[in-house]
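Below are the chains, spelled out letter by letter.
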Amino acid sequence: MNYTVRDLGGVREVELRGQLTFEANDDFRQIIEGMEKDGIAECVLNLGGLDFIDSAGLGLLVLANNAGHRASVQLKMKHPRGQVRDMIEISEFHTIIPCEF
Amino acid sequence: MTGASSEGGAAAPAAALAVGGQRVLIGHPRPPAVAVLRSALASVGVRAVDVALDADGLLARVGQGAPDLLVLHLGLLADNLDLIARLRAMNGMRDAPILVLGRFSGAGERQALMRAGATDLIPRPVTRPELAARLRVHLENRSLNRSLQEVIRSLQAYHTGAVQRMTLARDMQLDLLPTTEACGGLERRYAIRLDSHFESSSELGGDIWGARALDDHRFAVFLCDFTGHGVAAALNTFRLHALLTKIDLPGDDPAETLGAINGLLVGLLPESQFATMLYAVVDVRVGAVTYATAGAPKPIVGRPDGALEIGGSLGLPLGVSPKASYRNRHLDFPPGSFLFLFSDALFEARDWDGQLFGYEGVVDLVNGLDSDAELEGGPLRQLLERYFTTMPRPLADDLTALWISRRAEPLDGSG
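Residues numbered from 1 in each chain as written. Chains lettered and ligands numbered in written order. Predicted model: local features only at pLDDT ≥ 70, side-chain atom pairs only at ≥ 80, totals over all residues. Heavy atoms only, no water.

## With respect to the overall build of chain B
Here is step 1: When you go through chain B residue by residue, the secondary structure sums to 13 helices and 15 strands.
Here is step 2: A compact globule built from 415 residues should have a C-alpha radius of gyration of about 22 Å, whereas chain B, at 37 Å, is more than 25% larger.
Here is step 3: Projected onto its principal axes, the C-alpha coordinates of chain B cover approximately 110 × 45 × 40 Å.
Here is step 4: The burial tally for chain B puts 47% of its 415 residues in the buried class.
Here is step 5: Residue pairs at least 24 apart in sequence account for 68% of intrachain contacts in chain B once pairs closer than 6 positions are excluded.
Here is step 6: Each charge class in chain B was averaged separately, 39 positive and 48 negative side chains, and the resulting centres sit 13 Å apart. (Helix = DSSP H or I, 4+ residues; strand = E, 2+ residues; numbered from the N terminus. Rg over C-alpha atoms; globule rule 2.2 N^0.38 Å. Buried < 20%, exposed > 50% of the residue type's maximum accessible area, 1.4 Å probe, protein only. Contact = heavy atoms within 4.5 Å. Lys, Arg positive; Asp, Glu negative; His and termini not counted. Charge placed at Lys NZ, Arg CZ, Asp CG, Glu CD.)

Shown next, in the form of structure tokens:
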């Protein structure tokens with residue numbers, strides 16, 4: 001997985017690319033750490049560039065969401081496509097992390 | 001002499017520590033000449049030195065116990081070149097360093113000695129510090145080899161123990177699944193065929209499935225997949241199994257059942273761990289499957305006319321949120337139908353080129369089954385045989401697959 005971070009006002013957009021699986025663990029934890037420390041109000045995960053997610057990847061989304069709650073950062077997702085969109089719908093992750101389809 | 005001695009001692013305190021307790025055997029025909037060797041050995045910290053004056057004495061000494069290093073004077077090998085081979089054949093001597101000391105007549109003789117099994121040759125004349133240095137290298141080497149062998153032995157012992165423990169744990173995990181007898185009981189009672197496949201990506205897996213009778217016309221079946229695989233995921237399957245057997249679940253209502261299990265797992269599972277699960281109640285009188293899913297793969301139902309229906313699947317995985325609620329869905333399941341349930345490993349696996357197998361691939365596989373697969377060891381077996389012709393083993397994730405088919409209605413209802 002690759003990612004780019006862009007801050008605009010208090011909103012951070014993290015664009016994820018590639019595959020969100022267990023291998024992305026270290027990178028994703030850095031994203032979470034930044035979210036907790038950098039005093040932002042909202043963090044949007046742009047999933048448009050992501051072409052695969054598995055249950056370990058969903059687990060990372062849960063971690064991010066819980067960290068967001070603790071740090072008062074609103075986590076959101078947007079633009080999942082293909083298999084990623086299917087996974088988010090099947091597991092109803094948009095009910096715990098708001099998602100713009 | 002004193003100066004040389006202290007010089008040797010000061011140069012190698014660490015080596016002396018490593019080689020100090022080692023035992024050296026010298027085979028030398030002239031006792032007075034042994035003094036130089038003794039002194040060289042003493043300078044590297046070796047005190048235990050035995051001396052044999054001839055081949056028989058040497059063999060006798062080695063027979064009492066292999067030394068850590070053997071220094072052999074060339075004189076003992078005159079007309080007796082096979083002495084080295086005989087020494088090598090003795091207990092503990094296969095890897096022991098054998099050094100030959102002497103005035104070698106030429107390359108031919110040196111080659112013959114090495115071929116005969118000598119570890120190294122020390123040509124004379126040689127100064128005492130040089131001799132000490134050569135001896136120390138071989139003693140240290142011996143000591144390191146010994147330690148390495150000990151480490152390897154201890155690792156092997158650990159590995160053997162770990163494998164035994166894993167095998168035991170794996171047997172315990174397999175014991176969580178319905179027995180062949182239990183499946184046979186369900187098959188007879190509900191006129192079904194129930195085939196299952198359970199394959200962990202390592203010794204232990206994070207999948208579990210179960211099936212049980214509810215009443216005369218209904219039975220329940222479930223397939224659950226905890227995130228990850230290996231020991232941690234396997235421990236969660238034991239948790240679930242214990243919950244399912246100890247707690248009175250509303251087993252005939254899939255949505256309520258998932259809700260109840262979710263309530264138990266939330267707070268029990270670590271933050272990033274959860275389970276996907278499908279719980280189904282098969283009613284053979286009504287001819288329907290009622291099921292609910294928690295993030296589980298969509299089930300596939302095949303009908304007697306060959307049509308496939310892919311059941312919907314919506315629901316938060318278990319253990320993520322206490323607020324999760326689940327819905328029941330219904331699929332027609334007349335005689336002659338089949339229900340195919342599987343964990344995500346089946347379609348998330350990648351072939352040799354890294355291409356995802358994909359859910360569509362599973363549908364194609366089901367569509368392509370021979371119509372007489374029922375006779376040839378069952379459709380699940382045929383499906384997996386075809387699957388594994390292109391998919392490499394072991395899979396990256398645990399695979400569980402269940403195939404439940406209802407027998408076609410007999411043509412003559414009166415029997």
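Don't stop here, the text continues.
## Points about the domain arrangement of chain B
Here is step 1: Segmenting chain B into domains produces domain 1 (2–150) and domain 2 (176–406).
Here is step 2: Domain 1 of chain B and domain 2 of chain B are separated by 69 Å when their C-alpha centres are compared. (Domains from an automatic or database assignment.)

## Observations regarding the environment of Leu339 of chain B
Residues and elements named next belong to chain B.
Here is step 1: Along the chain, the position of Leu339 falls in strand E14 (residues 338–342).
Here is step 2: Spatially, the C-alpha atoms of Leu339 and Arg406 are 8.7 Å apart, while their sequence positions differ by 67 residues.
Here is step 3: Beyond its immediate stretch of four places on either side in the chain, Leu339 contacts Val282, Val289, Pro299, Ile300, Val301, Phe333, Leu402, Trp403 and Ile404.

## Quick word on empty space enclosed by the protein
By rolling a water-sized probe across the atoms, one finds the places where empty space is left.
Here is step 1: One pass over the structure, following the stated rule, counts 2 cavities of 30 Å³ or more.
Here is step 2: One number sums up the size of the largest cavity: a volume of about 60 Å³.
Here is step 3: Lining the largest cavity, in full, are Leu223, Cys224, Asp225, Thr276, Leu278, Ala296, Pro297, Leu341 and Phe342 of chain B.
Here is step 4: When contributions to the lining of the largest cavity are tallied by element, the ones reaching two or more residues are strand E8 (218–226), strand E9 (275–283) and E14 of chain B.
Here is step 5: Broken down by element, the lining of the largest cavity gets its largest block of residues, 3 residues, from E8 of chain B.
Here is step 6: Here the residues of the lining of the largest cavity are counted per class, giving 7 nonpolar, 1 polar and 1 charged.
Here is step 7: Size it by volume and the second largest cavity reaches roughly 30 Å³.
Here is step 8: Ser55 of chain A together with Asp225, Phe226, Thr227, Phe274, Ala275, Thr276 and Asp344 of chain B are the residues that line the second largest cavity.
Here is step 9: For the lining of the second largest cavity, the per-class residue count stands at 3 nonpolar, 3 polar and 2 charged. (1 Å grid on protein atoms, 1.4 Å probe; cavity = no way out; pocket = protein on both sides within 12 Å on 5 of 7 lines; lining within 4 Å. Points joined across faces, edges and corners; volume = space filled by probe spheres on them. Nonpolar A, V, L, I, M, F, W, Y, C, P; charged D, E, K, R; others polar.)

## Some points on the sheet that holds strand E4 (residues 98–102) of chain B
All names here are of chain B.
Here is step 1: Within the open sheet, the 5 strands sit side by side as E2-E1-E3-E4-E5. Their pairing is parallel. Strands with a single pairing partner mark the edges of an open sheet, and in this sheet they are strand E2 (48–52) and strand E5 (120–123). Between one strand axis and the next, the sheet turns through 20° on average, direction left out of account.
Here is step 2: Of the strand pairs in this sheet, E4 and E5 are connected by 4 bridges, and their pairing is parallel. Of the residues in E5, the one forming a bridge with Leu101 is Ile122. (Pairing = 2+ DSSP bridges. Axes fitted to C-alpha atoms, helices over the stretch in contact; angles between N-to-C directions.)

## Here we look at the pattern of salt bridges
Residues and elements named next belong to chain B.
Here is step 1: Following the criterion strictly, the structure yields 25 salt bridges over all chains and no others.
Here is step 2: In this structure, the salt-bridge partner of Asp215 is Arg218, at a minimum N-O distance of 2.9 Å.
Here is step 3: Across the pair Arg386 and Asp370 runs a salt bridge, and its minimum N-O distance is 3.0 Å. Remark: Asp370 occurs in the loop between helix H12 (358–367) and helix H13 (379–390) and Arg386 occurs in helix H13; sequence separation between them is 16 residues.
Here is step 4: By relative accessible area, Arg386 is classed as partly exposed at 31%. (Salt bridge = Lys/Arg side-chain N within 4 Å of Asp/Glu carboxyl O.)

## A closer look at the packing of helix H7 (residues 128–175) of chain B against helix H9 (residues 231–246) of chain B
Residue and element names in this part refer to chain B.
Here is step 1: Close contact between H7 and H9 brings their axes to 11 Å; oriented N to C, the two are set at 35°. Like other packed secondary-structure pairs, H7 and H9 cross with a definite hand, here left-handed. Residues Met166, Ala169, Met172 and Gln173 of H7 lie in contact with H9, whose contacting residues are Val231, Ala234, Thr237 and Phe238.
Here is step 2: Of the residues contributing to the contact of H7 with H9, the split by class is 6 nonpolar, 2 polar and no charged. (Left-handed = near helix turned anticlockwise from the far one by under 90°.)

## Focus on the interface of chain B and chain A
Here is step 1: At the junction of the two partners, chain B supplies 19 residues and chain A supplies 20 residues.
Here is step 2: Where chain B abuts chain A, roughly 1,500 Å² becomes buried across the two surfaces, and 60% of that area is made up of carbon and sulfur atoms.
Here is step 3: Sorting the residues of chain B by area buried against chain A places Glu271, Leu316 and Glu348 of chain B first, and these three jointly supply 33% of that buried surface.
Here is step 4: Where chain B touches chain A, the interface holds 2 salt bridges.
Here is step 5: For Glu271 of chain B, the salt bridge identified is with Arg70 of chain A, shortest N-O distance 3.2 Å.
Here is step 6: The interface formed by chain B and chain A contains 4 residue pairs in polar contact (both at pLDDT 80 or more). (Buried area = accessible area lost by both parts, 1.4 Å probe. Polar contact = N/O pair within 3.5 Å; in protein donor to acceptor, adjacent residues only side chain to side chain.)

## Focus: the packing of aromatic side chains
Here is step 1: Inspection of the entire model under this criterion finds 10 aromatic pairs over all chains.
Here is step 2: Here the aromatic rings of Phe342 of chain B and Tyr359 of chain B are separated by 5.8 Å at their centres, their planes lie at 45°, and the arrangement is tilted. Placement of Phe342 of chain B in strand E14 and of Tyr359 of chain B in helix H12 is noted, with a sequence separation of 17 residues between them.
Here is step 3: Ring pairs connect the aromatic residues Phe338, Phe340, Phe342, Phe347, Tyr359 and Trp403 of chain B, which therefore count as one cluster.
Here is step 4: Across the ring face of Phe52 of chain A, the terminal group of Arg350 of chain B is positioned such that the distance to the ring centre comes to 4.9 Å. (Phe/Tyr/Trp six-rings, centres within 6.5 Å; stacked < 30°, edge-to-face > 60°. Lys NZ or Arg CZ within 6 Å of the ring centre and 35° of its normal.)

## Examining the confidence of the model for chain B
Low-pLDDT stretches of the model should not have their predicted coordinates read in fine detail.
Here is step 1: The predicted model of chain B averages 90 in pLDDT, with 94% of residues at 70 or higher.
Here is step 2: Within the model, pLDDT remains below 50 along residues 1–18 of chain B, and this stretch shows 15 contacts once partners closer than five positions in the same chain are excluded. (pLDDT = per-residue confidence, 0-100.)

## Some thoughts on the nonpolar core
Here is step 1: In terms of nonpolar packing, the biggest core is built from 81 residues, with Leu20, Phe28, Leu61 and Phe93 of chain A together with Leu318 of chain B touching the most fellow members.
Here is step 2: The next biggest cluster of nonpolar side chains, apart from the first, holds 25 residues, and it includes Phe338, Phe340, Leu365 and Val366 of chain B. (Core = buried A, V, L, I, M, F, W, Y, C linked by side-chain atoms within 4.5 Å.)

## So, the UniProt feature "domain: Response regulatory" (unreviewed entry) in chain B
Here is step 1: Residues annotated in UniProt with the feature "domain: Response regulatory" (unreviewed entry) correspond here to residues 23–139 of chain B.
Here is step 2: Regarding residues 23–139 of chain B, the helix share stands at 42% and the strand share at 21%, and the terminal C-alpha atoms are separated by 9 Å. (UniProt positions renumbered as here; feature names shortened; annotations may be inferred.)

## A look at helix H3 (residues 34–43) of chain B
Here is step 1: Considered for burial, the residues of H3 of chain B that qualify are Val34, Leu37, Ser39, Ala40, Leu41 and Ser43 of chain B.
Here is step 2: Two residues or fewer after H3 of chain B comes Gly45 of chain B, characterised by a positive phi angle close to 95°.

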